[in-house]
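Structure assessment
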Amino acid sequence: MASVAAWLPFARAAAIGWVPIATHPLPPPPMPKDRRKTDDEKLLINVSGRRFETWRNTLEKYPDTLLGSNEREFFYDEDCKEYFFDRDPDIFRHILNYYRTGKLHYPKHECLTSYDEELAFFGILPDVIGDCCYEDYRDRKRENAERLMDD
Ligand SMILES: [Zn+2]
């Protein structure tokens, strides 16, 4: 006998067809004209083959960084209509999230040196690392310095 938990998703999927649509009214989708009003535009950012998408206004929140300034135009690929960066896409995810949330997180599994290099490339100072990650970052920095001194 399969457990209830195993077949529940199937029961739910089957029920979708049975529930009259009117009992679950959804809010109407946002009208496209709302978006057009804010002269924003979606930008495609290709980082070593992994594609990220964001709004131009999101990037321009921090105008003294590479992505937030005109500097990014040096990386624009006219043929593909995208920005191309030959950088680490795993770390880039955290960089892009900084623009979205205003908080920079430090992925503990990443090598500190390569993380620092990516931040420097994109013109972001490590002092914007959020309180949730700052201690980890600082501890790792100290460990690294000690290790280099031992060598
Ligand atoms: Zn964090």
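The structure we're discussing is the one just above.
Below or above, wherever it landed, is the structure these notes cover. No experiment lies behind these values; they were computed from the predicted model shown.

A few words on the environment of Glu82. Mapping Glu82 onto the fold places it in strand E4 (residues 82-85). Given a relative accessible area of 3%, Glu82 falls into the buried group. When near neighbours in sequence (up to four residues on either side) are disregarded, Glu82 contacts Leu44, Asn46, Arg51, Phe75, Tyr76 and Asp77. Side chain to side chain, Glu82 and Asn46 meet in a polar contact 2.8 Å long.

One pass over the structure, following the stated rule, counts 14 salt bridges. Measuring nitrogen to oxygen at the nearest pair gives 3.9 Å for the salt bridge that ties Glu143 to Arg147. Here Arg147 and Glu143 lie together in helix H6 (residues 131-150), a separation of four residues that amounts to about one turn. Overall, Glu143 belongs to the partly exposed group, its relative accessible area being 40%. Arg147 sits in the partly exposed class, given a relative accessible area of 47%. Because the salt bridges share partners, they merge into one network encompassing Glu41, Arg56, Glu60, Arg72 and Glu73.

So, how was this worked out
- Residues numbered from 1 in each chain as written.
- Predicted model: local features only at pLDDT ≥ 70, side-chain atom pairs only at ≥ 80, totals over all residues.
- Heavy atoms only, no water.
- Helix = DSSP H or I, 4+ residues; strand = E, 2+ residues; numbered from the N terminus.
- Buried < 20%, exposed > 50% of the residue type's maximum accessible area, 1.4 Å probe, protein only.
- Contact = heavy atoms within 4.5 Å.
- Polar contact = N/O pair within 3.5 Å; in protein donor to acceptor, adjacent residues only side chain to side chain.
- Salt bridge = Lys/Arg side-chain N within 4 Å of Asp/Glu carboxyl O.

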